[in-house]
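So you can see what is in the structure, the chains are spelled out below.
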Amino acid sequence: MTADGKTPPRADRARRTDAQRNENRLVETAREVFIAQGTGAPLCMVAQRAKVGPATF
């Protein structure tokens, strides 16, 4: 258990395909947005351009 009382994710468990795909899109999109607009770009813009919901971000 972690300090906050939550159980950490199991390292031996495969990651969901959609979760990995969303992460890849977010990282690539964030890179593009931050290069174009700087680090002050709103995170909601990154989520919108990556086509994921704000909760996914």
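In what follows, the accompanying structure is described. Quick caveat: nothing in here was measured; it's all calculated off a predicted structure.

Quick notes on the rules
Residues numbered from 1 in each chain as written. Predicted model: local features only at pLDDT ≥ 70, side-chain atom pairs only at ≥ 80, totals over all residues. Heavy atoms only, no water. Helix = DSSP H or I, 4+ residues; strand = E, 2+ residues; numbered from the N terminus. Buried < 20%, exposed > 50% of the residue type's maximum accessible area, 1.4 Å probe, protein only. Contact = heavy atoms within 4.5 Å. Axes fitted to C-alpha atoms, helices over the stretch in contact; angles between N-to-C directions. Parallel < 35°, antiparallel > 145°, perpendicular 65-115°, else oblique. Left-handed = near helix turned anticlockwise from the far one by under 90°. Nonpolar A, V, L, I, M, F, W, Y, C, P; charged D, E, K, R; others polar. Expected span 1.5 Å × (residues − 1). Arc of directions from axis to C-beta.

Take Thr 56: it is sitting in the segment after α2 (43-50). With relative accessibility at 40%, the residue Thr 56 sits in the partly exposed group. Spatially, the C-alpha atoms of Thr 56 and Ala 19 are 8.9 Å apart, while their sequence positions differ by 37 residues. Those residues within four positions of Thr 56 in sequence are excluded, and the remaining contacts are Asn 22 and Leu 26.

Here we take up the packing of helix α1 (residues 17-37) against α2. The N-to-C vectors of α1 and α2 enclose an angle of 130°; their axes lie 9 Å apart at closest approach. It follows that α1 is oblique to α2 by the angle criterion. The two elements α1 and α2 cross, and the hand of that crossing is right-handed. Packed against α1, whose contacting residues are Arg 25, Leu 26, Thr 29, Ala 30, Val 33, Phe 34 and Gln 37, the element α2 presents Leu 43, Met 45, Val 46, Ala 47, Arg 49 and Ala 50 at the interface. Considered class by class, the residues forming the contact of α1 with α2 number 9 nonpolar, 2 polar and 2 charged.

A separate point is α1. Its 21 residues give α1 an end-to-end C-alpha distance of 30 Å, which sits within 8% of 30 Å, the value for a rise of 1.5 Å per residue. Burial in α1 covers these residues: Asn 22, Leu 26, Thr 29, Ala 30 and Val 33. Relative to the axis of α1, the buried residues are bounded by an arc of 115° and lie together on one face. Turned more than 90 degrees off the buried face of α1, the exposed positions are Thr 17 and Ile 35.

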